[in-house]
Amino acid sequence: MIVSNVLLDNTYLRTKLCGMYAVCGNITDARILFDQVVLKSSFLWNIMIRGYACGGYSGDALLLYRQMSTFGRKADKFTYPFVVKACGDLRVEEIGRRVHCEIIVNELQWDVFVGNSLVFMYTRFGDVASARKLFDGMPTRDLTTWNTMISGYVKNGWIKSRCCDVCQCGACLCRFRGVKAGYIRSNDAVESLRLFRRLHLEGYLPDQVTFITALGACGQIAALQVGTCIHAFLIRNRSLKDLILGTALLDMYAKCGYLTLSHKIFYEMPENNLVSWTAMISACGLHGRGKDAITLLGQMKEKGIKPDKVTITSVLSACSHAGLVEEARHIFNQIVKEHSMNPSVEHYACMVDLLGRAGHLDEAFRLLKSMKCKPTADLWVALLSACRVHRNLSLAEIAARHAFALKPEGVGSYVSLSNMYAAEKRWKDVEMVRAILRNRGIKKDPGCSFIEFDRVIYRFLVGDKSHPQSDCIYSKLDELRNLVKGCGYVPDTRCVLYNVEDGVKQKMLWDHSERLAIAFALINTPEGTPVRIIKNLRVCVDCHTVTKLISKLVRRDIIVRDARRFHHFSHGSCSCGDFW
């Protein structure tokens, strides 16, 4: 009617119509109307910038922002939140900081909406320190401010491993779509939970996003007691019918080592969708329950829910953790036939990892070479890791060369190759690789373990003596060392990758972070209670052997989550069946 009555010459109506199109996501028609207005108001510029920024056209939003000043319109508190959002989404840090300076010049930095967007932007840049400085300086905060900061800590503490890069949206639920936990930056997760507590103490009522983020932080550092308290709060407030929160709880308990509770929550949900099914499948995989994951896939399809590429990645990863080679081959071969999708890089990564770790290195190499697209650095790293397990140095060097060329800053490939040279006592080659790391300024994450006691997260580094109970911890380690020696334990010094005397190597093994955490737990917790530890790196062979023996000698279940999976040690054996 507007067009037919030739009312589009009315600037007010053009502006309203442009806004309607922008809000509804019809950015093309919105831009046509925008361009037809000769004298554009600041309000109209803001509508269009917002439409671009919220519609995923961040580059266009920034371009329009620059054109705005050329046409004599000044950005205001309604412009900057979306310009800053665009900078964060594009990760254009230099431009983002320049916009921040303009905001300060215009004295708008303490507007709550502008401030929220700046906190978001800096967390997207990975600069949590700057985000926190802004957060602490804001005279007024709302729930969005708290959620943005808490979520920022969690997201920057979640570094995806080679099979996790399956979602680029940045939403909190991304962690439910992943498969393998990557490295853990404990300080970020702990600080996230501190902020969550502060939010509650300052009288804010957490919303769905807050709870999801806090539960994600609990899962990262295995803060089971805190996670249980959040669960109790949700029960009291009758929030467990919320599918997204239920999935968050399921994920948290799985990452804290309570797969039974994950199952219970999953089956008690009033309904399940693709995300919750995938989260449950992923949880089974993390605990080495590959056959359960395959069963869940079948049940999911029987319910009429079609798996997507993330679900298939989760199942293949579960097969990898359990060594189910034939089952994984069948699922991989059915991706095109049954699921009408082409194998993704993540699917290939799972298969290369599985075949390689199962000893089928040649088949893994052929599969990698048969890909229609060029293999990524992470695929070569997967093959390199498998070569390390089976000590195939010649193939490892081929994989390493490809990984170096594609991702020169990737520390994992250098460390794996250096460790293989060390195992073969090729110390000159070890020093060569380490020199490359030093020259490029690449640093390896130190091994560390975390344990929760009395709602406090304790962090132990290799050889750590900073804990107040350090003397008691090392005394307990001496006691444990004598006990396991009495069972015939012989240290596997191949796990120490330094050119030092054998006696020094044995001492270094007993300084490993997970042993310190175990000793701390045995000192401070009642007899018979399970010990739950999380480690940021893969458990070494010697620690795996020692932990099995300790579980038998002290009659305790010891649950360790390393960078790959869970290990449930009980009565002298491990749930992984020594396959990890």
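Let me begin by describing the structure that accompanies this report. For every chain, the first residue of its written sequence is number 1, and the numbers climb from 1 along that sequence. For this predicted model, a pLDDT threshold of at least 70 governs which residues receive local features, and a threshold of 80 or more governs which side-chain atom pairs are given and counted, while totals over whole chains, interfaces and linings are taken from all residues. Note that the side-chain values use all heavy atoms of the structure and ignore hydrogens as well as water.

Below, the discussion takes up the overall build of the protein. Each helix corresponds to a stretch of at least 4 residues labelled H or I by DSSP, and each strand to a stretch of at least 2 residues labelled E; elements are numbered beginning at the N terminus. The helix and strand inventory of the protein stands at 29 helices and six strands. Once the C-alpha set of the protein is aligned to its principal axes, its extents read approximately 95 × 55 × 55 Å. A 1.4 Å probe rolled over the protein chains alone gives each residue an accessible area, and that area as a share of the maximum for its type sets the label: buried under 20%, exposed over 50%, partly exposed in between. Counting across all 580 residues of the protein, residues that qualify as buried make up 53%. Pairs at least 24 residues apart make up 65% of the contacts formed inside the protein by residues separated by at least 6 positions. A 1.4 Å probe and the Shrake-Rupley method give the accessible areas. Residues count as covered only by the protein chains that appear here. For the protein, the exposed area adds up to about 26700 Å²; of that, 54% sits on carbon and sulfur atoms. Here the protein contributes 77 positive and 56 negative side-chain charges, whose respective centroids are spaced 1 Å apart. Residues count as neighbours in contact if any of their non-hydrogen atoms are within 4.5 Å of one another. Charge counting treats Lys and Arg as positive and Asp and Glu as negative, with His and both chain ends excluded. Where a charge sits is defined by one atom per residue type, namely NZ (Lys), CZ (Arg), CG (Asp) or CD (Glu).

Neither face of strand β4 (residues 558–561) is left uncovered, since the one carrying Ile558 and Val560 and the one carrying Ile559 and Arg561 both have all their residues buried. What makes two strands pair is DSSP finding at least two bridges between them. Bridge count between strand β3 (residues 531–535) and β4: four bridges; the pairing is parallel. In the sheet register, valine 531 faces β4, and the bridge partner there is isoleucine 558. A crossover connection joins β3 to the parallel β4 through helix α29 (residues 541–553); in handedness this β-α-β unit is right-handed. Count of turn residues in the β4/strand β5 (residues 566–570) antiparallel hairpin: four residues. With its strands directed away from the observer, a crossover is right-handed exactly when the path from the first strand over the helix to the second travels clockwise.

Close approach of charged atoms allows side chains with opposite charge to pair. Salt bridges, as used here, are contacts in which a Lys or Arg side-chain nitrogen is within 4 Å of a carboxyl oxygen on Asp or Glu. In total, this model carries 26 salt bridges according to the counting rule given. Ionic pairing is found between lysine 476 and glutamate 479, a salt bridge with its closest N-O pair at 3.4 Å. With a gap of three residues between them, lysine 476 and glutamate 479 both fall in helix α26 (residues 470–485), about one helical turn apart. Residue glutamate 479 is classed as partly exposed on the basis of its relative accessible area, which comes to 41%. Here the residues in one salt-bridge network are Lys85, Asp89 and Arg124, joined through shared partners.

This brings us to a nonpolar patch on the surface. A contiguous nonpolar surface patch, about 250 Å² in accessible area, is contributed by Tyr498, Val500 and Val504. Here tyrosine 498 shows up in the loop between α26 and α27 (502–509). To count toward a patch, a residue needs a relative accessible area over 30% and no salt bridge; like charges are then connected within 9 Å, while nonpolar side chains (Val, Leu, Ile, Met, Phe, Trp, Tyr) are connected within 5 Å.

Time to look at helix α4 (residues 58–70). For a helix, the expected span equals 1.5 Å multiplied by the number of residues minus one. Between its first and last C-alpha atoms α4 spans 19 Å; for 13 residues at 1.5 Å apiece the expected length is 18 Å, and the two agree. Within the span of α4, buried status applies to Ser58, Ala61, Leu62, Leu64, Tyr65 and Met68. The arc that holds every buried residue of α4, seen down its axis, measures 160°, which confines them to one face. Where α4 is buried, its residues contact α2 (27–36), α3 (42–54), α5 (80–90) and α6 (93–105). At the exit of α4 stands glycine 72, carrying a positive phi of roughly 80°. In this context, the arc is that of the directions from the helix axis out to the C-beta atoms.

In this section: the pairing of β3. Across the five residues that make up β3, a large majority, four, are buried. As judged from the two bridges shared by strand β1 (residues 448–453) and β3, these two strands associate in the antiparallel manner. Looking at β3, one finds that phenylalanine 450 is bridged to isoleucine 534.

Take the packing of aromatic side chains next. Two aromatic rings, drawn from Phe, Tyr or Trp (for Trp, its six-membered ring), form a pair once their centres lie within 6.5 Å of each other, and the interplanar angle then sorts them: stacked below 30 degrees, edge-to-face above 60, tilted otherwise. Across all of its chains, the model carries 17 aromatic pairs by this definition. Measuring from centroid to centroid gives 5.1 Å for phenylalanine 34 and tryptophan 45, while their planes differ by 85°, and the two rings are edge-to-face. Placement of phenylalanine 34 in helix α2 and of tryptophan 45 in helix α3 is noted, with a sequence separation of 11 residues between them. Considered together, phenylalanine 34 and tryptophan 45 belong to a single accessibility category, that of buried residues. Aromatic pair tyrosine 458 and phenylalanine 520: ring centres 4.8 Å apart, planes at 50°, arrangement tilted. Remark: phenylalanine 520 occurs in helix α28 (residues 513–524) and tyrosine 458 occurs in strand β2 (residues 456–461); sequence separation between them is 62 residues. For tyrosine 458, a relative accessible area of 24% translates into the label partly exposed.

Among all positions in helix α8 (residues 128–137), only Val128, Ala131, Arg132, Leu134 and Phe135 are buried. Burial along α8 is one-sided: seen end-on, the buried residues are contained in an arc of 160°. The exposed residues of α8 that point more than 90 degrees off its buried face are Ala129 and Lys133.

Position of serine 58 among the secondary structure elements: in helix α4. With residues near it in sequence (within four places) discarded, serine 58 still touches Tyr52, Ala53, Ala86, Asp89 and Leu90.

Among the buried residues, those of types Ala, Val, Leu, Ile, Met, Phe, Trp, Tyr and Cys that are joined through side-chain atoms within 4.5 Å form a nonpolar core. Residues Leu316 and Leu383 are the most contacted members of the largest nonpolar core, which totals 141 residues. Beyond its immediate stretch of four places on either side in the chain, leucine 383 contacts Val352, Leu361, Ala364, Phe365, Leu368, Leu395 and Ala399. Core analysis: the next-biggest nonpolar cluster, separate from the first, contains 33 residues, Val496, Ala519, Cys540 and Cys574 among them.

For the rest of this paragraph, the subject is the environment of leucine 250. On the secondary structure map, leucine 250 appears in helix α14 (residues 243–255). On a C-alpha basis, the gap between leucine 250 and cysteine 387 in space is 34 Å, while along the polypeptide they are 137 residues apart. Those residues in contact with leucine 250 that sit more than four places away from it in its chain are Ser262, Ile265, Phe266, Met269, Ser276, Ala279 and Met280.

Considering the arrangement of structural elements, one finds cysteine 54 in helix α3. As a C-alpha pair, cysteine 54 and alanine 86 span 32 residues in sequence and 8.4 Å in three-dimensional space.

Interaxial angle, 0 to 180 degrees, is taken between N-to-C directions of lines fitted to C-alpha atoms, where a helix line uses only the stretch in contact. The interhelical angle for the contact between α3 and α5, taken along N-to-C directions, is 25°, at an axis separation of 9 Å. The angle between α3 and α5 places the two elements in the roughly parallel class. Two packed elements cross with a definite hand, and for α3 against α5 that hand is left-handed. Contacts between α3 and α5 involve Ile49, Arg50, Ala53 and Cys54 on the former and, on the latter, Phe82, Val83, Lys85 and Asp89. When the residues that make up the contact of α3 with α5 are grouped by side-chain class, the tally is five nonpolar, no polar and three charged. Should an angle lie under 35 degrees it is considered roughly parallel, over 145 roughly antiparallel, and from 65 to 115 roughly perpendicular; all remaining angles are considered oblique. In this scheme, a crossing is called left-handed if the near helix is turned counterclockwise away from the far one by less than a right angle; it is called right-handed if the turn is clockwise. Any residue outside Ala, Val, Leu, Ile, Met, Phe, Trp, Tyr, Cys, Pro, Asp, Glu, Lys and Arg is labelled polar, Gly included; the first ten of those are nonpolar and the last four are charged.

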